[in-house]
Amino acid sequence: MEMAEDRKDKGQEPVEETVTDFDASVESERDVGDEGKACGASEASQQDLKELVTAQAQQILELENQVKEMTDKALRLQADFDNFRRRTRQDLARSAEQANEKVFLDLLPILDNLERAVGSVPEAEGNSVVSGVKMVLRQMQELLAKWGVEPIPAVGESFDPNVHEAMMQVEAPEETESGTVVEELQRGYTYNGRTLRPSLVNVAQ
């Protein structure tokens, strides 16, 4: 009792109070250490999250590039297929036209003979043979026109080397311009706008 009282008198703190302050200091340092560890863990987690986001963004970019590349390849393939299909249709159509041209070229001499036959026979009423030939000639002309075979205008037209073939130049009346077709020796025809057989003509000098 005297010693405790003496310490109080001398201004010294009691031993219990000193121990309590020390424990509080230790707890404070421990709390600071725990907070530091928590901060460090939080920073590490944020860094990992950033790296994960960056990796995912890179992966998304790569996937987008792959999709774009595959889309471009698909579009090019579709364009190639469309071009192939168009060329195939054109080739088939051209082959069919060429086959038709051969048939029409074989028919034109028959048409020429029918026209000559009708032109060489005098017009006579009641002549059934002439009427029959005219009917066959008209039917053939209509059939060819239905398939796109049309006669080429000749007499009175300016000479056109694309549809006319000049046999000779002849003297013509003064009012006739030079280069005008004055006589048709053989009728020419076009097929779907292209020359099937040129007209054989005489041209004014």
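Going by the structure above, here's the rest.
The sections below set out a description of the structure shown in this document. (Residues numbered from 1 in each chain as written. Predicted model: local features only at pLDDT ≥ 70, side-chain atom pairs only at ≥ 80, totals over all residues. Heavy atoms only, no water.)

**Looking at the side chain of Glu 101**
We apply this condition: Secondary structure counts use DSSP, requiring at least four H or I residues in a row for a helix and at least two E residues in a row for a strand, with both numbered from the N terminus. Residue contacts are counted whenever heavy atoms from the two residues lie within 4.5 Å of one another.
If you trace the backbone, Glu 101 turns up in helix α2 (residues 15-120). Beyond its immediate chain neighbours, meaning those up to four positions away, Glu 101 contacts Arg 94, Tyr 191, Arg 194 and Leu 196.

**Section: the sheet that holds strand β2 (residues 164-170)**
Put simply, the rule reads: A pair of strands counts as paired when DSSP detects no fewer than two bridges linking them. To get an axis, a line is fitted to the C-alpha atoms, and for a helix only the part in contact is used. The angle between two axes follows their N-to-C directions and goes from 0 to 180 degrees.
As summarised here, the arrangement of the three strands in space is β2-β6-β3, forming an open sheet in which the pairing is mixed. Whereas interior strands pair on both sides, the edge strands pair on one side only; in this sheet they are β2 and β3 (181-186). Averaged over all pairs of adjacent strands, the angle between strand axes in this sheet comes to 30 degrees, irrespective of strand direction. For β2 and strand β6 (residues 199-204), the ladder comprises six bridges, and the chain directions are parallel. Note on β6: the bridge partner recorded for His 164 is Ser 199.

**What to know about helix α3 (residues 128-146)**
As a reminder, the rule being used: Any helix carries an expected span of 1.5 Å times its number of residues minus one. Per-residue accessibility, obtained with a 1.4 Å probe over protein chains only, is compared with the maximum for each type, and a residue is labelled buried under 20%, exposed over 50%, and partly exposed between these values. Note: the arc covers the axis-to-C-beta directions of the helix.
Taking 1.5 Å of rise per residue, 19 residues should cover 27 Å, and α3 covers 27 Å from first to last C-alpha, within 8% of that figure. For α3, the set of buried residues is Val 130, Leu 137, Met 140 and Leu 144. Projected down its long axis, α3 shows its buried positions confined to an angular sector of 95 degrees, all on one face. Among the exposed residues of α3, those oriented more than 90 degrees off its buried face are Ser 128, Glu 142 and Lys 146.

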